[in-house]
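Below are the chains, spelled out letter by letter.
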Amino acid sequence: MTERKPTGVSFESWVDRQISAAAAKGEFDDLPGAGKPLPKNDGKDTALAWVVNKVRTEGHDVSALLPPSLAIAKELEDLPARLARVRREARVREIVEDLNERIREEHRRPAGGPVLRARPLDVDETVASWREGRTSS
């Protein structure tokens, strides 16, 4: 544990002293990557990019990081594939009705990001399309 910062000493000079003392003791010798160049920064390496990469490497869905309007648009795009895995019509209706409610909710919300351009889906039409996809496979 490091010592507490003395009163009357600026944080920067206290930290600089801590780093100098550690370097003098050799605590930075033989660190992984020592002597190798730093990775190139292409300007896209933001804190959000780090979070997205971390979420992806851990195998999670990054759509939760999107603004609601973009997340819903992505969900609409992925809906046919999602519904193709559903076995019961009642479940298809639940999924579409839930999505429709979130679409309506997003339209009621003041614009704080990209505008959602999608309208609620026709539940019966979506179910009919789902049925048709099941018989053609």
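Residues numbered from 1 in each chain as written. Predicted model: local features only at pLDDT ≥ 70, side-chain atom pairs only at ≥ 80, totals over all residues. Heavy atoms only, no water.

This part covers the nonpolar core. Counting 15 residues, the largest nonpolar core has Ile72, Leu76, Leu83, Val86, Val92, Leu99 and Ile103 as the members making the most contacts within it. Sorting the residues of this core by element identifies helix H3 (68-84), helix H4 (89-108) and helix H5 (123-136) as the ones contributing at least two each. The greatest single-element share of this core, amounting to five residues, is contributed by H4. Dropping the residues within four chain positions of it, Leu76 is found in contact with Leu99, Ile103, Ala118 and Leu121. (Core = buried A, V, L, I, M, F, W, Y, C linked by side-chain atoms within 4.5 Å. Buried < 20%, exposed > 50% of the residue type's maximum accessible area, 1.4 Å probe, protein only. Helix = DSSP H or I, 4+ residues; strand = E, 2+ residues; numbered from the N terminus. Contact = heavy atoms within 4.5 Å.)

Here we take up H3. An ideal rise of 1.5 Å per residue puts 24 Å on 17 residues; H3 measures up with 24 Å between its terminal C-alpha atoms. In the structure, H3 departs most strongly from a straight axis at Asp78, where the bend amounts to approximately 50° and where the proline Pro80 lies between one and four residues downstream. Residues of H3 that are buried include every one of Ser69, Ala71, Ile72, Glu75, Leu76, Leu79 and Leu83, and no others. Close packing links the buried residues of H3 with H4 and H5. (Expected span 1.5 Å × (residues − 1). Bend = angle between axes of the 7 residues up to and from the residue.)

Considering all chains together, one arrives at 13 salt bridges under this definition. The residue Lys74 makes a salt bridge to Asp78 at a minimum N-O spacing of 2.9 Å. Of this pair, Lys74 and Asp78 both sit in helix H3, four residues apart, roughly one helical turn. The partly exposed category is assigned to Lys74, whose relative accessible area is 35%. Its relative accessible area of 34% is what places Asp78 among the partly exposed residues. Through salt bridges with shared partners, a single network forms among Glu75, Arg82, Asp98 and Arg102. (Salt bridge = Lys/Arg side-chain N within 4 Å of Asp/Glu carboxyl O.)

Mapped onto the elements, Gly33 comes out in the loop between helix H1 (11-25) and helix H2 (47-57). Between the C-alpha atom of Gly33 and that of Pro120, which follows or precedes it by 87 residues, the distance is 52 Å.

At their nearest, the axes of H3 and H4 sit 11 Å apart, and the two run at 165° to each other. Here H3 is positioned roughly antiparallel relative to H4, judged by the angle of their axes. As for the relative orientation of H3 and H4, their crossing is left-handed in sense. For the pair formed by H3 and H4, the contact residues are Pro68, Ser69, Ile72, Glu75, Leu76, Leu79, Arg82 and Leu83 on the first element and Arg91, Val92, Ile95, Val96, Leu99, Arg102, Ile103 and Glu106 on the second. Along the lines of polarity and charge, the residues of the contact of H3 with H4 split into 10 nonpolar, one polar and five charged. (Axes fitted to C-alpha atoms, helices over the stretch in contact; angles between N-to-C directions. Parallel < 35°, antiparallel > 145°, perpendicular 65-115°, else oblique. Left-handed = near helix turned anticlockwise from the far one by under 90°. Nonpolar A, V, L, I, M, F, W, Y, C, P; charged D, E, K, R; others polar.)

Here we come to the side chain of Thr126. Mapped onto the secondary structure, Thr126 falls in helix H5. Among the residues examined, Thr126 registers a relative accessible area of 16% and is labelled buried. At 2.8 Å, the side chain of Thr126 forms a polar contact with the backbone oxygen of Asp122. If sequence neighbours within four positions are ignored, Thr126 has contacts with Leu83, Val96 and Leu121. (Polar contact = N/O pair within 3.5 Å; in protein donor to acceptor, adjacent residues only side chain to side chain.)

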